[in-house]
Amino acid sequence: MEFSIKSGSPEKQRCGCVIVGIFEHRRLSLAAELLDNASGGQISDILRRGDLNGKAGTSLLLHNLPGTLCDRVLLVGLGKEKEFREKDYSAAVRHAIKALADTGTQDAALFLTEITVRKRSIAWRIRQAALNALTAQYRFDQFKSKQDDARRPLRRLTLIVERRNELATAETALKQGIAIGEGIALTRDLGNLPPNICHPTYLAEQAQALAGEFGLDCETLGRDEMAELGMHSLLAVARGATQPPRLIVLHYRGGGKSARPLVLVGKGVTFDTGGISLKPGAEMDEMKYDMCGAASVLGTLKAVAAMALPINLTVIVPATENMPDGNATRPGDIVTSMSGQTIEILNTDAEGRLILCDALTYAERFDPEVVIDVATLTGACVVALGNVASGLFANKDGLARDLLEAGEETGDRAWQMPLWDDYQDLLKSPFADMANIGGRWGGAISAACFLARFTKKYDWAHLDIAGTAWTSGKDKGATGRPVPLLTHFVMQRAGQLD
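1. Concerning the pairing of strand β2 (residues 17-23)
Counting buried positions along β2 gives seven out of seven residues, so the element sits mostly inside the fold. Residues Cys17, Ile19, Gly21 and Phe23 point to one face of β2 and Val18, Val20 and Ile22 to the other, with burial holding for every one of them. With seven bridges connecting them, β2 and strand β5 (residues 72-79) associate as parallel partners. Bridge pairing links Cys17 to Arg72 in β5. Bridge count between β2 and strand β6 (residues 107-110): three bridges; the pairing is parallel. Bridging from a neighbouring strand, Ile19 pairs with Leu110 of β6.

In structure tokens form, the structure reads like this:
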């Protein structure tokens, strides 16, 4: 989709469709009121007849509205004006784009960007409009033998600002929104790909492609290099797989040479059978999403590079499959991590923490300002928070606050959970420095406590996205979270937000 920014009045727009908002109780937005005046009150008449009530998630398409230059007008329900919030704005944009998908409209002008959203700036509204429009148009149908030829997606979208002096700010925000939207799309693509295609080597190839596109430095370590570094915890997970493991490292250098980097670490288990601790067969196909942590940090890196943010960012992806065979790691095995700490593996299905701990130790060599790992780590986090919020753990309260704020700003919310030393006792082992699981209770917390043992040398946060990275059911697929949260956090650190 092509985007542009302009200011102007809705009745003067020559395009396939003008999109305006209607609140409940027939309350017209400013743009809708201008159209109503130009048409001699026809919109008010239609609303009085009950064709649209203004409730969120509703819309009405009008043709050849008198007094206008556009072919169509789309009225989008916004809900109650006093309760209109950030999530309502984003949902209205997505609904509008989807509503136009089957109309044949090729170009549209969006006037929802003029609507006040809880004191959010015009930059926020433009940024969110662009990324939500791209999200609404996202499709993953490349493996279908027959494409939907009848569907003609929107090609051009003009975002309208109320005042001309807002144009420069809006242009910058538009570029940011497009970059974030494309980062989300990459994350969803990687998550949705089948595991026979998206394996560790494929992830490494995608990282190399990103490096070529944006001039990044990329290094990929194989099994032998990881063994030399002492990454026996990561390699223990890979023992049962025929697909070779990879440690992928990408560097974006947009800041000063001496500036310490932010480091993002993404769990890249491209398929998780559970290993010898085999998962049930039902819905095991969804374990292709166990690399969504890796996908999200790669998507974030793409967005950051596309925005050319003045910051240094390093991405680390430990990538492997977790498969059962005669060489696979067994429950009861003990391995030595890169940090030198020993781990008794009581459950081979608690594999994400085993690959992350070596990657987190590897991150020390970059003298990071902060390290954030992202992982579909525990079913316990889904039980605790569902699919609404990602679980957040941090060893610095200030870092946790920054991430929580980024989640609130973007609607990609997280919830902070405790990381108290009291929970460390759950990981005691009579035979090694620690066990890789802590029992039935507090599973998301004990997993984070495990990772905390490898992050004492820097400021660190952990995002458990097991409940937010994908949607199950008939519309199952990767969501692209937490790319919005992470990109906002990086933009904030780079001083690039209004």
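2. Focus on the pattern of salt bridges
The tally for this structure, following the rule as stated, stands at 22 salt bridges. Measuring nitrogen to oxygen at the nearest pair gives 2.4 Å for the salt bridge that ties Asp45 to Arg48. You can see Asp45 and its partner Arg48 sitting in helix α2 (residues 42-48), three residues apart, about one turn around the helix. When its relative accessible area of 54% is taken as the criterion, Arg48 is described as exposed.

3. Some details on a negative patch on the surface
There is a patch of like negative charges on the surface, built from Glu219, Asp224, Glu225 and Glu228. A per-element tally of the negative patch places helix α7 (residues 223-229) first, with three residues. Mapped onto the elements, Glu228 comes out in helix α7. Glu228 gets classed as exposed once you look at its relative accessible area, which sits at 71%.

4. A few points about unusual backbone geometry
Glycine aside, the phi torsion of most residues is negative, and most peptide linkages are trans. Of note, the bond from Arg481 into Pro482 is cis; its omega dihedral lies within 30 degrees of zero at 5°. Even without a glycine there, the phi angle at Asn64 is positive, about 50°. Inspection of the secondary structure assignment puts Asn64 in the loop between β4 (59-63) and β5. A residue is classified by how much of its surface remains accessible, and Asn64, at 62% relative accessible area, is exposed. Phi is positive for Ala308, which is not a glycine, with a value near 55°. Considering the arrangement of structural elements, one finds Ala308 in the loop between α9 (292-307) and β12 (312-322). For Ala308, a relative accessible area of 53% gives the class exposed.

5. Some thoughts on the environment of Trp420
Locating Trp420 in the fold gives a position in the loop between β17 (414-416) and β18 (434-435). Using a relative accessible area of 52% as the deciding quantity, one classes Trp420 as exposed.

6. Concerning the packing of aromatic side chains
Counting across every chain of the model gives seven aromatic pairs. Ring plane angle 90° and centroid distance 5.7 Å describe the contact between Phe23 and Phe84, whose orientation is recorded as edge-to-face. Of this pair, Phe23 sits in strand β2 while Phe84 sits in the loop between β5 and α3 (86-100), and the two are 61 residues apart along the sequence. Overall, the relative accessible area of 5% leaves Phe23 in the buried class.

Rules used in this analysis
- Residues numbered from 1 in each chain as written.
- Predicted model: local features only at pLDDT ≥ 70, side-chain atom pairs only at ≥ 80, totals over all residues.
- Heavy atoms only, no water.
- Buried < 20%, exposed > 50% of the residue type's maximum accessible area, 1.4 Å probe, protein only.
- Helix = DSSP H or I, 4+ residues; strand = E, 2+ residues; numbered from the N terminus.
- Pairing = 2+ DSSP bridges.
- Salt bridge = Lys/Arg side-chain N within 4 Å of Asp/Glu carboxyl O.
- Patch = residues over 30% accessible without salt bridge, like charges linked within 9 Å, V, L, I, M, F, W, Y side chains within 5 Å.
- Areas by Shrake-Rupley, 256 points an atom, 1.4 Å probe, with all protein chains shown as cover.
- Lys, Arg positive; Asp, Glu negative; His and termini not counted.
- Charge placed at Lys NZ, Arg CZ, Asp CG, Glu CD.
- Phe/Tyr/Trp six-rings, centres within 6.5 Å; stacked < 30°, edge-to-face > 60°.

These values are about where atoms sit, not about what they do.
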